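# Chains, contacts and geometry: an overview
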Amino acid sequence: MSTGHSELHTKHEQITKYIESLPVGTKLSVRQIAQDLDVSEGTAYRAIKEAENIGLVSTKRRIGTIRMEKKEEPVIDKLTFAEIVNVVEGVVLGGSTGIHKSLNKFVIGAMQLEAMLKYIEAGNLLIVGNRVQAHMCALSQGAGVLITGGFDTTPEVKELADELHLPIIGSSFDTFTVATMINRAMEDRLIKKKILMVGDIMRKDSPIYSLEGTDTVKDMQKLAEKTMHTRYPVIDGKRVPIGMITTKDIVGAKPSQLISSLMTPNPLMINLKTSVASAGHMMVWEGIELLPVIDNERKMIGVISRKDVMKAMQHMQQQPQNAETFEVQIYAGIDEVRDAEGKLSFRGTITPQMTNFEGLVSEGVLTTIMIRAAYRTVKEHKKGDLILDSSSSYFLIPMQMDEVFEIVPTIVEMTRRFCKIDMEITANGARVARSMFTARIL
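Throughout this document, residue positions are counted from 1 along each chain, in the order its sequence is written. In keeping with the predicted nature of the model, local features appear solely for residues at pLDDT of at least 70, side-chain atom pairs appear and are counted solely at 80 or more, and the whole-chain, interface and lining totals rest on all residues. By convention in this description, side-chain values take in all heavy atoms of the structure and omit both hydrogens and water.

Taking an unreviewed UniProt entry as the reference, the chain is identified by name as CBS domain-containing protein belonging to Paenibacillus anseongense.

Bringing helix α14 (residues 363-379) into the picture now. Think of an α-helix as 3.6 residues a turn; residues three or four steps apart then line up on the same face. What counts as a helix is a DSSP run of H or I of at least four residues, what counts as a strand is a run of E of at least two, and both are numbered from the N terminus. The length a helix should cover is 1.5 Å for every residue beyond the first. For α14, built from 17 residues, the straight-helix expectation of 24 Å at 1.5 Å per residue is met to within 8% by its first-to-last C-alpha distance of 25 Å. In this fold, the buried residues of α14 make contact with α13 (326-331), β17 (344-349), β18 (386-395), β19 (404-414), β20 (418-427) and β21 (430-441). Counted as a polar contact is a pair of N or O atoms within 3.5 Å, where, for protein atoms, one must be capable of donating a hydrogen and the other of accepting one, and residues adjacent in sequence contribute only when both atoms are in side chains. Residue Ser 362 occupies the N-cap position of α14, its side-chain oxygen lying 3.3 Å from the main-chain nitrogen of Gly 364. Note on definitions: a residue-residue contact is assigned when non-hydrogen atoms from the two residues lie within 4.5 Å.

It is worth spelling out the nonpolar core at this point. Throughout this description, the term nonpolar core refers to a set of buried Ala, Val, Leu, Ile, Met, Phe, Trp, Tyr and Cys residues connected via side-chain atoms within 4.5 Å. Burial here depends on accessible area, computed with a 1.4 Å probe over protein chains only, as a share of the maximum for the residue type. Under 20% is buried, over 50% is exposed, and the range in between is partly exposed. Ranked by size, the top nonpolar core spans 30 residues in total, and within it Ile 369, Met 399, Phe 405, Ile 407, Met 423 and Ile 425 carry the most contacts. Looking at this core, the elements that each hand over two or more residues are β17, α14, β19, β20 and β21. If you tally residues by element for this core, the top one is α14, at nine residues. The contact partners of Phe 405, leaving out residues within four places of it in the chain, are Ile 334, Phe 346, Arg 347, Gly 348, Thr 349, Ile 350, Met 354, Ile 369, Met 399, Ile 425, Thr 426 and Ala 427. Residues Leu 113, Ile 120, Leu 126 and Val 128 belong to the second largest nonpolar core, which totals 17 residues.

Here we come to the sheet that holds β17. By this definition, two strands are paired if DSSP reports at least two bridges between them. A sheet is described by the order of its strands in space; here six strands give the open sequence β16-β17-β19-β20-β21-β18, paired in antiparallel fashion. Unpaired on one side and paired on the other, β16 (335-338) and β18 mark the two borders of the sheet. Between one strand axis and the next, the sheet turns through 25 degrees on average, direction left out of account. Strand direction decides the pairing type here: β16 and β17, joined by four bridges, are antiparallel. Bridge pairing in β17 places Arg 338 opposite Leu 344. Across the face of the sheet, helix α11 (residues 276-286) comes into contact with β18 and β21 while running at roughly 85 degrees to β18. Along the sheet, α14 contacts β16, β17, β18, β19, β20 and β21; its crossing angle with β18, the most-contacted strand, is approximately 135 degrees. Axis definition: a line fitted to C-alpha atoms, limited for helices to the stretch in contact. Angles are taken between N-to-C directions and run from 0 to 180 degrees.

Below you can see the structure in the form of C-alpha cells.
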C-alpha cells in the first residue's frame, strides 16, 4: 500500500514538473496530460488541481485550464512607491534607490505652490503635472513625486531625487485618472486584507499529530489515548498526506493491522493561501472535520479543524466593513421592514447603477439582492453562514429606474443544516420576480 502511494507521489511530482516546463499561456487538458505522461486521468486531474492550488495554472470558464506565470503574493502592510508605479503603469524618472520606501499620504497638486507646501510632509506622494518648482519643493520636504500627463522634469530635479533617494514617477494618465486608479487599488487592498486565509488561522504553537501508513492500529490507539483526538492525517515518509483515518475506521480491526489498509485515501488538502471561507465550504460539502495544510512541495505543515474555521468566520462577521465589494454596494440601499407581527421584509429603489444597457433592472443585480436578503432572513433563525445549493428564478415584469420594490421572504423548510426559502419581489402591487433558494447552513 505504501509503495503505491509513493509511486502516486512520484507521478504527481512528474506532472508538476511537466506543467512547470510548459510555456505560459499553454492550454492543458486532463486527457492530454494522461496520454503524454502515461498516467490515469484521475491522477492527472488531481495533479492539475494541486497545480492550481500553488498558482501554476488557472481554470477559466469557457476557456479551460491555462498555464500561468506563478506569482508570489507579497505580504504588504504599507503601500510602497514601487506599487504605485505598477498601479499607474508608470516609469521611474529619478530616485530609483528609494522605490521600495513606504508612503503615508497622497497630495494632489491642484493649488498654488504656497498653499501646496502646507500639505506636503515627509513620506507623502505629490501628484502633479509639469510644475518643476513643485517637484523641487516636494523633494526638499521629503516627499516623492508622481508627474501626470506624460510630462518629464528637469535634470536638476532628477539629480536631487537621486541624492535624496526619493522617487520621481512619470505616468501618461491625467491627474484625475491617476487618483482614481490609486483609490481603486487601495480599495482592492482593503478587501483582500479583510479576507482571512488559512495561514492566518492555522495554529503554529501546538503539535501536529499524524500517523504513517506503516503504523498499526495499536500505534493509533496509543496516540488516541495520549491526545484524545478522534481523527488524524496519514502521511508517507516525505510528510505528504496520503489519507485520513478516524477512530471509527479501526473499530473491530486487529491491533497489528496497518493504518494504510483502513484509512480513506486521497485526502482533500489545502494550502496557506486558501481562504477560510473556501475551506469551510469544502468541509461542509464533503462532510469532513479536519483538513491537512500543505506547502508548495505537498508536505504537511499543519491541520485546521471545522471548529477553527467556524470560530474564524464568526470573528470575520463581527469585523467592521473597511472596504466594499460590488455585492455590498448593491445591497447597501436595501432597507429592512417589519410588519405589525414583526415579520421581516426588504424594500429598495431601482438606482441607475442597477440597470442594464436598456435602462431596465439587471436580472443579475436582482438575483444578488434576493440572495443577500435570503442570508439575512436565515440569520433571524440560525447563526452561521449559508452555502447556496441551487436557485430557480423567474423574472415576470421588468422594472425601471426609481421604481420602489419590496422583497418578501418565506421560509419553506429549515433544519439544522439545510434551508429552503421562497423570495418574491413586488412593485406597484404586482409580482415582478420570484425565486426559490436551497442552501446549506454552515
